[in-house]
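As a plain string of letters, each chain reads:
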Amino acid sequence: QVQLVESGGGLVQPGGSLRLSCAASGTIASIDEMAWYRQAPGNQREFVATIPSGVNPNYADSVKGRFTISRDNAKNAVYLQMNSLEPEDTAVYYCNAKIRSTISRFRIDYWGQGTQVTVSS
């Protein structure tokens, strides 16, 4: 079984920065893609950023130029550096990974439990 655990969320003032981390553990053969999504109260879960294997990262227009996604393949981890944070960035941020398990022949989507990011004065 595979598990994703996020960390790094918290309260920050507008204009501040946070760095989110997500580590995957378990019976992992390969990770094809890792991504971040977020969901604000009353809203649908929305795409934030993705970093597929061998492909340049892609960002939602709302965060482009402010957020940077990166991977550490040796640690099965993905990070989201968030700069120039705005109140509109307040949401629960979820880590997503498309993973091939050593005990499964299929690629499966895994989700973390989420970490709260609050941008407020």
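Here goes a summary of the coordinates provided.

Criteria and thresholds
Counting of residues starts from 1 at the beginning of each chain's written sequence and follows it residue by residue. The predicted nature of this model means local features are confined to residues of pLDDT at least 70 and side-chain atom pairs, given and counted, to a pLDDT of 80 or more, with totals for whole chains, interfaces and linings taken over all residues. Water and hydrogen atoms play no part in the side-chain values, which are based on all heavy atoms of the structure. Pairing between strands is defined by DSSP: at least two bridges between the two strands are required. Runs of H or I in DSSP of at least four residues are treated as helices and runs of E of at least two as strands, each being numbered from the N terminus. Orientation is described by lines fitted to C-alpha atoms, with helices fitted over the stretch in contact, and by angles between N-to-C directions that extend from 0 to 180 degrees. By convention, a stacked pair of Phe, Tyr or Trp rings (six-membered ring in the case of Trp) has centres within 6.5 Å and planes under 30 degrees apart, an edge-to-face pair has planes over 60 apart, and any other such pair is tilted. Per-residue accessibility, obtained with a 1.4 Å probe over protein chains only, is compared with the maximum for each type, and a residue is labelled buried under 20%, exposed over 50%, and partly exposed between these values. Note on geometry: a ring has a charge over it if NZ (lysine) or CZ (arginine) is within 6 Å of the ring centre and within 35 degrees of the ring normal. Basic side-chain nitrogens of Lys or Arg form a salt bridge, by our definition, when they fall within 4 Å of a carboxyl oxygen of Asp or Glu.

Ordered by their spatial adjacency, four strands build an open sheet running β1-β3-β8-β7, and the pairing between neighbours is antiparallel. The open sheet has two free edges, formed respectively by β1 (2–7) and β7 (67–72), since each of these has just one partner strand. Averaged over all neighbouring strand pairs, the angle between strand axes comes to 15°, with direction disregarded. Pairing between β7 and strand β8 (residues 77–82): six bridges, direction antiparallel. Residue pairing for β8: Asp 72 is matched across the bridge by Ala 77.

In this structure the tally under the stated criterion is two aromatic pairs. Look at Tyr 37 and Phe 47: their rings are 5.8 Å apart centre to centre, the planes differ by 75°, and that puts the pair in the edge-to-face class. With Tyr 37 in strand β4 (residues 28–39) and Phe 47 in strand β5 (residues 46–52), this residue pair connects regions lying 10 residues apart in the sequence. Its relative accessible area of 27% is what places Phe 47 among the partly exposed residues. Directly above the ring of Tyr 79 sits Arg 19, whose terminal nitrogen or CZ lies 4.1 Å from the centroid. Sitting above the plane of the Tyr 94 ring, Arg 45 keeps its charged end 3.7 Å from the centroid.

Quick look at the pairing of strand β10 (residues 107–111) now. Where strand β9 (residues 91–101) meets β10, five bridges bridge the pair, whose relative direction is antiparallel. Directly across from Lys 98, in β10, lies its bridge partner Asp 109.

This part is about unusual backbone geometry. If you check the backbone angles, Asn 76 has positive phi at about 50° while not being a glycine. Considering the arrangement of structural elements, one finds Asn 76 in the loop between β7 and β8. Positioned with a positive phi, Ser 84 is a non-glycine residue whose angle comes to about 50°. Tracing the backbone shows Ser 84 in the loop between β8 and β9.

Let us look at the pattern of salt bridges. Throughout the structure, instances matching the rule amount to eight salt bridges. Of the charged contacts, one joins Asp 32 and Arg 100 as a salt bridge, the two residues approaching to 3.1 Å between their closest N and O atoms. With a gap of 68 residues between them, Asp 32 in strand β4 and Arg 100 in strand β9 connect regions that are remote in the sequence. By relative accessible area, Arg 100 is classed as partly exposed at 34%. Where Asp 89 meets Arg 66, a salt bridge forms, and the shortest distance between an N and an O atom there is 2.8 Å. Linking Asp 89 in the loop between β8 and β9 with Arg 66 in the loop between β6 (58–59) and β7, this pair joins segments that are 23 residues apart in sequence. Given a relative accessible area of 13%, Arg 66 falls into the buried group. Each of the salt bridges in this network shares a partner with another, and the network as a whole consists of Arg 38, Glu 46, Arg 66, Glu 86 and Asp 89.

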